[in-house]
Amino acid sequence: MCLEKRIGIRRNLKYHAPNPKQEFIHFKGGLMNNSRGLSFPVILVIGSIVSTVLVTAILLVHVINSNFKPSLRNAERMMQKGRFEEALTFINQIDSNSSDFILLKAEILFLKALQSRKDEKWKNYGNDESDWFRSEEIDSAVVLLKKIAESEKGEKLSKACYYLGQIYGEKGWFYEAERQFQTVLQIDPNNKDAKLALSSLYAKISRFPEAESLLRKTYLEKPGDPDVSKNMAFLYRYYIDLPESAIVWFNRYLNNARPRDLDVNHCRNELEDLLQRYPEYCPLEPQNWRKQGRKFKTRISHQ
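What you are looking at is a predicted structure, and each value in this text was computed from that prediction instead of being measured. Numbering of residues starts from 1 in each chain and follows the order in which that chain's sequence is written. Whole-chain, interface and lining totals are the exception, using all residues; otherwise, since this is a predicted model, local features are given only for residues with pLDDT of at least 70 and side-chain atom pairs are given and counted only at 80 or more. Based on all heavy atoms of the structure, the side-chain values leave hydrogens and waters out of the count.

Now for the overall build of the chain. Along the chain, the regular secondary structure elements total 14 helices and two strands. Relative accessibility decides the category of a residue: with a 1.4 Å probe and only protein chains considered, values under 20% of the type maximum give buried, values over 50% give exposed, and everything between is partly exposed. Here the chain, with 303 residues, has 35% of them falling under the buried criterion. Any two residues whose heavy atoms approach within 4.5 Å are treated as being in contact. A fraction of 51% describes how many contacts in the chain between residues 6 or more apart in sequence connect residues 24 or more apart. Accessible areas in this description were obtained via Shrake-Rupley with a 1.4 Å probe; residue shielding takes into account the shown protein chains only. Entry remark: accessible area of the chain is about 20,100 Å², with carbon and sulfur atoms responsible for 55%. Going along the chain from the N terminus, every DSSP run of H or I of four or more residues is numbered as a helix, and every run of E of two or more is numbered as a strand.

Structure follows, in structure tokens:
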């Protein structure tokens, strides 16, 4: 064939650029197929993702609803967070006469009254000599706790008497408070909270030997418990005024203090102050708390 014919043939040929989309579509095992649309593996993956999202959304809605649904668990959860108004709102929406319900409601009312007194900066505390701590919440709590004390035994009776003792102590009814704490210890001789509360009551009414004796017995039972050491330190620091003993017990408390104990900074300040004033009483025991740094920022006073 002559050269011109060859050139003519080439001129008549049209160049067709490859279509990437078309090649992608027809690529064996690819995402798309011209005749069938999405391939089965892709449909499976998309379906799995959609179903996972739907299940997650349903579970999230369920969790949100369950967290805000009136129940004893949610009321107790709010109480533990210090949100006593919300806890009381939950508990008031529950229709129950169970002992667990009554005990929890009384506890919330008591803690709410304490919080209100703190917010009011104790302005109304002790105005009435016959009742230092009068409030609607406290009166309601006492009625509920007495109901449990008259009808229950064992652990629930112990818990009701413990809170009655706390309330009576705040009201200035010390004999009644002592009687309630002693009832708790008759039911449960190993109840640490009742022992600490009773020792604090003894210190408040200047029965220091009894307070010291009870705390020392409790320390022998629970030597590593920071609450016992802290109460011993407070007794010697604020009531008996024995700085040497206060230093020993503050040091023991700080060495074993729980991570979220709000008294840590206060006790550390007290101990550092005592050590500056009485360096001769520096404890022989390790001072591990010095390596830890402060756990909370010191609150700034705006008075």
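Bringing the environment of F101 into the picture now. Along the polypeptide, F101 turns up in helix α6 (residues 99-119). Accessibility expressed as a relative area gives 8% for F101, which makes it buried. Separated by 10 residues in the primary sequence, F101 and I91 place their C-alpha atoms 7.9 Å from one another. Look past the residues within four positions of F101 in its chain and what remains in contact with it is L72, I91, I94 and S96.

In this analysis, rings of Phe, Tyr and Trp, with Trp reduced to its six-membered ring, are considered paired at centre separations within 6.5 Å, and the interplanar angle assigns stacked below 30 degrees, edge-to-face beyond 60, and tilted for intermediate values. All told, the structure shown has 10 aromatic pairs when counted by the stated rule. Here the aromatic rings of Y162 and Y163 are separated by 5.5 Å at their centres, their planes lie at 75 degrees, and the arrangement is edge-to-face. Residue Y162 shares its accessibility class with Y163, and that shared class is buried. Of the aromatic side chains, those joined through ring pairs into one cluster are F110, Y162, Y163 and F181. The cationic tip of K171 hangs over the ring face of W173; the distance from NZ or CZ to the ring centre is 5.1 Å. Stacked on the ring of W249, the Lys or Arg R252 has its end atom at 4.6 Å from the ring centre. A ring is considered to have a charge above it if a Lys NZ or an Arg CZ atom is located within 6 Å of its centre and within 35 degrees of its normal.

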